[in-house]
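The lines below spell out each chain.
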Amino acid sequence: QVQLVESGGGLVQAGGSLRLSCAASGNIFSINFMGWYRQAPGKQRELVAVITSGGSTRYADSVKGRFTISRDNAKNTGYLQMNNLNPEDTGVYYCAADKRGSIWTNTPDYWGKGTLVTVSS
């Protein structure tokens, strides 16, 4: 089992920045993919960014150039740096971890409980 705990959410004005963290514990050596999803009010959960164990990254078109996903293996922590935020980025952000790639089909092996990001205009 893997446990994921997010932190770093909050209220920020449009144009501002936030950095989310995802602390992982448990059988982390089985994890090959780490990612972030978000769910805006009244909308489906969407995949925002993914990073592989080899360091490759992929982003949703809506966040390319503004968000950066990274991971610190020594600290067992993943990050999502979010810059130039706008109100459409508002939502609950969930950390996810996966062993075999089901993260791409919105069915990762493990989920965090989420952290709320609110961007005011």
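Definitions and limits used
Residues numbered from 1 in each chain as written. Predicted model: local features only at pLDDT ≥ 70, side-chain atom pairs only at ≥ 80, totals over all residues. Heavy atoms only, no water. Pairing = 2+ DSSP bridges. Helix = DSSP H or I, 4+ residues; strand = E, 2+ residues; numbered from the N terminus. Axes fitted to C-alpha atoms, helices over the stretch in contact; angles between N-to-C directions. Buried < 20%, exposed > 50% of the residue type's maximum accessible area, 1.4 Å probe, protein only.

Observations concerning the sheet that holds strand E1 (residues 2-7)
Phase 1: With antiparallel pairing, 4 strands are arranged side by side in an open sheet as E1-E3-E8-E7. A strand with exactly one partner marks an edge of an open sheet, and here the two such strands are E1 and strand E7 (67-72). Across the sheet, the mean angle from the axis of one strand to that of its neighbour is 15°, orientation sign disregarded.
Phase 2: Two strands pair when backbone bridges link them, and E7 and strand E8 (residues 77-82) are joined in this way by 6 bridges, in the antiparallel orientation. Residue Ile69 lies in a different strand from E8, and its bridge partner there is Leu80.

Looking at the pairing of strand E9 (residues 91-98)
Phase 1: Among the 8 residues that make up E9, 7 are buried, leaving the element largely enclosed by the rest of the structure.
Phase 2: Bridge count for strand E4 (residues 33-39) against E9 is 7 bridges, and the pairing is antiparallel. In the sheet register, Gly35 faces E9, and the bridge partner there is Ala96.
Phase 3: Summarising the sheet, E9 and strand E11 (residues 115-120) pair through 3 bridges and their orientation is antiparallel. From the neighbouring strand, Tyr93 faces E11, where its bridge partner is Thr115.
Phase 4: The pairing of E9 with strand E10 (residues 110-111) spans 2 bridges and is antiparallel. Residue pairing across strands places Ala96 opposite Trp111, the latter belonging to E10.

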